[in-house]
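These are the residues of each chain, in order.
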Amino acid sequence: MQTDIFESAARSVQARARIRDHIYQTPLLPARTAGLDTGGQVLFKAENFQRTGSFKIRGAAAKMTAQRAGGRLITASSGNHGIGSACAASAVGQNLTVVLPEIVVPAKLEKIRSYGVDVILHGAETGLAEAHAQKLAAEEGFTYVSPYNDAEVIAGQGTIALEILEQCAGFDNVFVAMGGGGLISGIGAVLKSFSPRTRIFGAAAQHSQALADSMAAGRIVETEHLDTLADAVAGGVDEGSITLPMAMATVDAVVSCTEDEIREALRALAFGENMIVEGAAALAYAAWRQVSVQLAEQTSVILLCGANFDQATIHRAIFGV
């Protein structure tokens, strides 16, 4: 696995050269208030300012630029991955089909269609849409673009860490929200290759922490999934996913957060840092807040992975009404 980590880091370097013109290099912003009471420095890697409002375009673009032009690609997602994939396909000239659940939010459907990709509506929830996309890929010769279980997608997410290494001379910790594991695996591989002293904290939402539970068990396990403010990280992990061994090899600690902790992190980011982000981004901040006293006088980077939120949900979380 150590060799795989180094290979993934090298793949991130290659991916960065390919996707540079299709993404934004996002800023690393010093916190306004976070860390002041512990003497530590907190920096926010602001993927909430990314081209599609989320880091997902990095992995999608890395996958698509590694394919021959004009290929037949297919993916499934009603959220950030679907939007990022559609944008990337439009930018690099790939033929993409996006399978969406029939209950997709109309605004998201409109956004994905705006990039000129083909859309199929199938199933009552995203899991069924994903299964249908995988079935079509096997039967009709599409190349399937996984949101996380793909070496090129992981490499694309790892380009975030390459930017951080250039933007900060030295940092002790990085906090990353964990969903299927593509983001933390990519970042983890780069940091363990180029900055092995940096500790990697995975942030898990207690209401849906499939990867955290699988890491603890050493194998993919079924876990209960409840509604969570960090909806972008909700859901299971594919059996045999390459992200599980990569996460186990690179993540130093997992911090599990309650819905109340995520909600308080959303409020702290809004009122203390002047940033409104989606729940998965606040999850990473919630994890740092939970262990911040232990990290006194250290430099911590918190990845704000996106800002594609439902306005009514975020309004209730921040203002309580």
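Refer to the structure presented above.
All chains use their own residue numbering, which begins from 1 and follows the written sequence. In view of the model being predicted, local features appear only for residues whose pLDDT reaches at least 70, and side-chain atom pairs are presented and counted only at 80 or more, with totals across whole chains, interfaces and linings using the full set of residues. No hydrogens and no water enter the side-chain calculation; it runs on all heavy atoms of the structure.

Quick rundown of unusual backbone geometry? Include the residues and the values.
At Asn 274, a residue that is not glycine, the phi angle is positive and equals roughly 60°. Residues other than glycine seldom take positive phi values, yet Glu 297 does so here, at roughly 65°. Position of Glu 297 relative to the elements: it lies in the loop between helix 11 (279-291) and strand 10 (299-304). What counts as a helix is a DSSP run of H or I of at least four residues, what counts as a strand is a run of E of at least two, and both are numbered from the N terminus.

Tell me about the nonpolar core, and name the residues and values.
Residue types Ala, Val, Leu, Ile, Met, Phe, Trp, Tyr and Cys, when buried and joined through side-chain atoms within 4.5 Å, form a set referred to as a nonpolar core. Exposure categories follow from relative accessible area, calculated using a 1.4 Å probe and restricted to protein chains: below 20% of the type maximum is buried, above 50% is exposed, and the middle band is partly exposed. Core analysis: the biggest nonpolar cluster contains 71 residues, and Phe 44, Phe 175, Leu 283, Tyr 285 and Ile 302 have the highest contact counts within it. When residues in this core are grouped by element, the largest group, 10 residues, is from helix 11. Counting residues in hydrophobic clusters, the runner-up holds 24 residues, among them Ile 23, Ala 61, Ala 86 and Leu 96.

Let's hear about the sheet that holds strand 5 (residues 118-121): which residues, and what values?
Two strands are said to pair when DSSP picks up at least two bridges between them. What the 4 strands build is an open sheet, ordered 5-4-3-6; its pairing is parallel. Each edge of the open sheet is held by one strand with a lone partner, namely strand 5 and strand 6 (143-144). Relative to strand 6, strand 3 (residues 72-76) runs parallel, the two sharing 2 bridges. If you follow Leu 73 over to strand 6, its bridge partner there is Thr 143. In the packing of helix 4 (residues 106-113) onto the sheet, contacts are made with strand 4 (95-100) and strand 5, and the angle to strand 5 comes to roughly 150°. In the packing of helix 5 (residues 126-140) onto the sheet, contacts are made with strand 3, strand 4, strand 5 and strand 6, and the angle to strand 3 comes to roughly 160°. Here, residues are in contact when the closest pair of their heavy atoms is within 4.5 Å. Convention adopted: a line fitted to C-alpha atoms gives each axis, helices being fitted over their contacting stretch, and angles between N-to-C directions are expressed from 0 to 180 degrees.

Describe the side chain of Thr 159, with residues and values.
Counting through the fold element by element, Thr 159 comes out in helix 6 (residues 151-167). As used in this structure description, the phrase polar contact means that two N or O atoms lie within 3.5 Å; if the pair is within protein, one of them must be able to donate a hydrogen and the other to accept it, and residues adjacent in sequence are counted only when both atoms belong to side chains. A distance of 2.6 Å separates a polar atom in the side chain of Thr 159 from the backbone oxygen of Gly 156. Residues contacting Thr 159, with those up to four places away along its chain left out, are Ser 12, Ala 15, Arg 16, Ile 19 and Arg 58.

Explain the packing of aromatic side chains residue by residue, including any values.
Side-chain rings of Phe, Tyr and Trp (the six-membered ring for Trp) are treated as a pair once their centres are within 6.5 Å; stacked means planes under 30 degrees apart, edge-to-face means over 60, and tilted covers the remaining angles. Within this structure, the stated rule accounts for 4 aromatic pairs. Ring geometry for Phe 44 against Tyr 285: centres 5.6 Å apart, planes inclined by 75°, an arrangement best described as edge-to-face. Within this pair, whereas Phe 44 is found in strand 2 (residues 41-46), its partner Tyr 285 is found in helix 11, the two being separated by 241 residues in sequence. With a relative accessible area of 3%, Tyr 285 lands in the buried category. When the centroid spacing of 5.9 Å and the interplanar angle of 75° are considered together, the rings of Phe 271 and Phe 319 count as edge-to-face. One end of the pair, Phe 271, is in helix 10 (residues 259-272); the other, Phe 319, is in helix 12 (residues 311-319), and 48 residues separate them in sequence.

Hey, could you go over the environment of Val 233 for me, with residue numbers and the actual values?
Following the sequence through the fold, Val 233 ends up in the loop between helix 8 (210-217) and helix 9 (243-250). Here the alpha-carbon distance between Val 233 and Ala 205, two residues 28 residues apart in the chain, equals 7.9 Å. With sequence-adjacent residues up to four places away left out, Val 233 is seen in contact with Ala 177, Met 178, Gly 179, Ala 205, Ser 208, Ala 280 and Leu 283.

I'd like a description of the environment of Phe 6, backed by residues and values.
Secondary-structure assignment places Phe 6 in helix 1 (residues 2-19). If we skip the residues at most four places from it in the chain, Phe 6 touches Lys 192 and Ser 193.

An account of the environment of Leu 28 is requested, with residue identities and associated values reported.
Among the secondary structure elements, Leu 28 is positioned in strand 1 (residues 28-30). On the basis of relative accessibility, which here comes to 16%, the residue Leu 28 falls in the buried class. In this structure, the C-alpha to C-alpha distance between Leu 28 and Val 301, residues 273 residues apart in sequence, is 8.4 Å. Not counting chain neighbours up to four residues away, the residues in contact with Leu 28 comprise Leu 43, Phe 44, Lys 45, Ile 164, Gln 167, Cys 168 and Val 301.

So what's going on with the sheet that holds strand 10? Which residues, and what values?
Ordered in space as 1-2-10-7-8-9, the 6 strands form an open sheet in which the pairing is mixed. Either end of the sheet is taken by a strand with one partner, and the two such strands are strand 1 and strand 9 (253-257). When the angles between neighbouring strand axes are averaged without regard to direction, this sheet yields 25°. Relative to strand 9, strand 8 (residues 199-205) is paired through 5 bridges, and the arrangement is parallel.

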